[in-house]
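Descriptive analysis of the structure
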Amino acid sequence: MNHPVIFNISIGSQKPHSGKQPVCPFCQPESLTNILEQREDMIWLMNKYPVFAETEPTLIIETAEHNSGLSRYAKKKLHDVISFGLEKWDVMEHDKRFKSVIYFRNFGPNSGGSQRHPHSQIIGLRDYDYRDNIDKENFLGPIFHEDENCYASLSSYPICGMGELNVTLKSSGKPDTFADTIQTIARFILHDFPIPCTSYNLFFYHLRRIHVKIFPRYTASPLYMGYRITHVMDSDSEQHMMNILKSNKYFGD
Ligand SMILES: [Zn+2]
């Protein structure tokens, strides 16, 4: 069993939060420090607020446009953002200081993110392997989309809750349609998920393959919170959701 990661509350309380700050820090690139790399308007930098102990927190500001977002990016922008993220994640995964590296992104008020401005986080964990908490079964389930680079499924064994959607990058797959698939699922969650949803997270995992989970965020089930009992939806609802995903609005031809 992994020991819990320590959250430094005093650093957390200094951290600015959208809505409580006069200006967005990511809208002022000239004031940013500890930049690791800049490519067009994407900036990879150290996170100023290292709230988790024994970690190396970095973040990627994805765009100069504050009100944009993954579900709104034009194709080229989307591909650039996902490729840049995968590339920097790979760089950190090759850094011997880390036992594992997590890569994720938040969107919306219930996603746990504190900044509206589109960004992702890549965090090196010095003595924690997140893969100890994950099983390969967590990425299995009925498939609703497949192309030359990736396939997408609805989790039959979710990590946390109902409606977790997975995209798996094939072994020699390229990131472009992988990114397109992620974006289409993000749109589905915001517009047609059976529970109204304004928020989601993306979580990337590197087991034998690279997977991403798109987690719709709604109030978590008490069964999960108290007992770690996960649930999946009834078969009629699942079929209905799969039909929408396979329709022309999303993954149909
Ligand atoms: Zn901003």
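Structure first, text after, so check above.
Residues numbered from 1 in each chain as written. Predicted model: local features only at pLDDT ≥ 70, side-chain atom pairs only at ≥ 80, totals over all residues. Heavy atoms only, no water.

1. Notes on the overall build of the protein chain
Counted only if it meets this: Only DSSP runs of H or I covering at least 4 residues are called helices, and only runs of E covering at least 2 are called strands; the numbering of each starts at the N terminus. For every residue, the accessible area obtained with a 1.4 Å probe (protein chains only) is divided by the maximum for its type, and the residue is called buried under 20%, exposed over 50%, and partly exposed between those limits. Here, residues are in contact when the closest pair of their heavy atoms is within 4.5 Å. A 1.4 Å probe and the Shrake-Rupley method give the accessible areas. Residues count as covered only by the protein chains that appear here.
Looking only at helices and strands, one finds 5 helices and 10 strands in the protein chain. Taking the principal axes of the C-alpha coordinates as reference, the protein chain spans close to 50 × 40 × 40 Å. Per-residue burial for the protein chain yields a buried fraction of 46% across its 253 residues. Contacts in the protein chain between residues at least 24 apart in sequence constitute 63% of all its contacts with a sequence separation of at least 6. When the accessible surface of the protein chain is summed, it comes to about 13,300 Å², and 53% of that surface belongs to carbon and sulfur atoms.

2. Re the coordination of the zinc ion
This is how the line gets drawn: A donor here means any N, O or S atom no more than 2.8 Å from the metal (3.2 Å for Na, K and Ca); water is not included, so a site may seem to lack partners. Any coordination sphere not matching a tetrahedral pattern (four donors, all angles between 85 and 135 degrees) or a square planar or octahedral pattern (four or six donors, opposite donors over 155 degrees apart, other angles between 65 and 115) is reported as irregular.
Donor atoms from the polypeptide that bind the zinc ion are Cys 24 (SG), Cys 27 (SG), His 66 (ND1) and His 117 (ND1), placed at 2.0 to 2.3 Å. Classification of the site at the zinc ion rests on its 4 donor atoms, whose angles at the metal span 105 to 118°, yielding the label tetrahedral. Sequence spacing among the residues donating to the zinc ion works out to C-x2-C-x38-H-x50-H. Linking His 66 in the loop between strand E3 (55-61) and helix H2 (75-93) with His 117 in the loop between strand E4 (100-107) and strand E5 (119-125), this pair joins segments that are 51 residues apart in sequence. Assessed through its relative accessible area of 24%, His 66 is described here as partly exposed. Given a relative accessible area of 0%, His 117 falls into the buried group.

3. Quick word on the environment of Thr 181
Inspection of the secondary structure assignment puts Thr 181 in helix H3 (residues 175-192). For Thr 181, a relative accessible area of 2% translates into the label buried. As a C-alpha pair, Thr 181 and Ser 68 span 113 residues in sequence and 18 Å in three-dimensional space.

4. Some points on the sheet that holds strand E1 (residues 35-39)
What counts is decided by this rule: DSSP bridges decide pairing: two strands pair if at least two such bridges lie between them. A fitted line through C-alpha atoms serves as each axis, taken over the contacting stretch for helices, and the angle formed by two N-to-C directions is quoted from 0 to 180°.
Taking strand neighbours across the sheet as the criterion, the 10 strands line up as E1-E2-E3-E5-E4-E9-E10-E8-E7-E6 in an open arrangement whose pairing is antiparallel. Here the strands that pair on one side only, and so sit at the sheet edges, are E1 and strand E6 (143-146). Put simply, the sheet's adjacent strands are angled 15° from each other on average, direction ignored. Pairing geometry for E4 and strand E9 (residues 199-206), over 5 bridges, is antiparallel. The partner of Phe 107 across the bridge, within E9, is Tyr 200. On the sheet, H3 packs against E4, E6, strand E7 (150-154), strand E8 (165-169), E9 and strand E10 (210-217) and is oriented at approximately 175° with respect to E8.

5. Thoughts on the environment of Ala 74
With respect to the helices and strands, Ala 74 occurs in the loop between E3 and H2. Given a relative accessible area of 53%, Ala 74 falls into the exposed group. Along the chain, Ala 74 and Pro 196 lie 122 residues apart, while their C-alpha atoms are 25 Å from each other.

6. Overview of H2
The condition is simple: Given the number of residues in a helix, its expected span is that number minus one, multiplied by 1.5 Å.
Here H2 contains 19 residues, and its C-alpha end-to-end distance of 27 Å stays within 8% of the 27 Å for a straight helix at 1.5 Å per residue. By the burial criterion, the buried members of H2 are Lys 77, Leu 78, His 79, Val 81, Ile 82, Phe 84, Gly 85, Leu 86, Lys 88, Trp 89 and Met 92.

7. Examining the packing of aromatic side chains
For clarity, the cut-off: Aromatic pairs are defined between Phe, Tyr and Trp rings, using the six-membered ring for Trp, whenever the two ring centres lie within 6.5 Å; interplanar angles under 30 degrees are classed as stacked, those over 60 as edge-to-face, and all others as tilted.
Here the structure, examined in full by the defined rule, presents 14 aromatic pairs. Measuring from ring centre to ring centre gives 5.2 Å for Phe 107 and Tyr 200, while their planes differ by 25°; the resulting arrangement is stacked. Of this pair, Phe 107 sits in strand E4 while Tyr 200 sits in strand E9, placing them 93 residues apart in sequence. Centroid distance Phe 193 to Tyr 218: 6.2 Å. Interplanar angle 20°. Geometry classified as stacked. Placement of the pair is Phe 193 in the loop between H3 and E9 and Tyr 218 in the loop between E10 and helix H4 (222-227), with a sequence separation of 25 residues. Among the residues examined, Phe 193 registers a relative accessible area of 7% and is labelled buried. On the basis of relative accessible area, Tyr 218 is assigned to the partly exposed category, the value being 22%.

8. Re the packing of H2 against H3
Axis angle and axis distance: for two packed helices, these are the angle between their axes and the distance between the axes, and together they describe the pair. Inclusion rule: Convention used here: angles under 35 degrees read as roughly parallel, angles over 145 as roughly antiparallel, angles from 65 to 115 as roughly perpendicular, and any remaining angle as oblique. Each residue gets one label: Ala, Val, Leu, Ile, Met, Phe, Trp, Tyr, Cys and Pro are nonpolar, Asp, Glu, Lys and Arg are charged, and the others, such as Gly, are polar.
Packing of H2 against H3 brings their axes to within 9 Å, and their N-to-C directions diverge by 110°. When the axis of H2 is compared with that of H3, the two are roughly perpendicular. Here Lys 75, Leu 78, His 79, Ile 82, Ser 83 and Leu 86 of H2 come into contact with H3, specifically with Pro 175, Asp 176, Phe 178, Ala 179, Asp 180 and Gln 183. Residues belonging to the contact of H2 with H3 are distributed by class as follows: 6 nonpolar, 3 polar and 3 charged.

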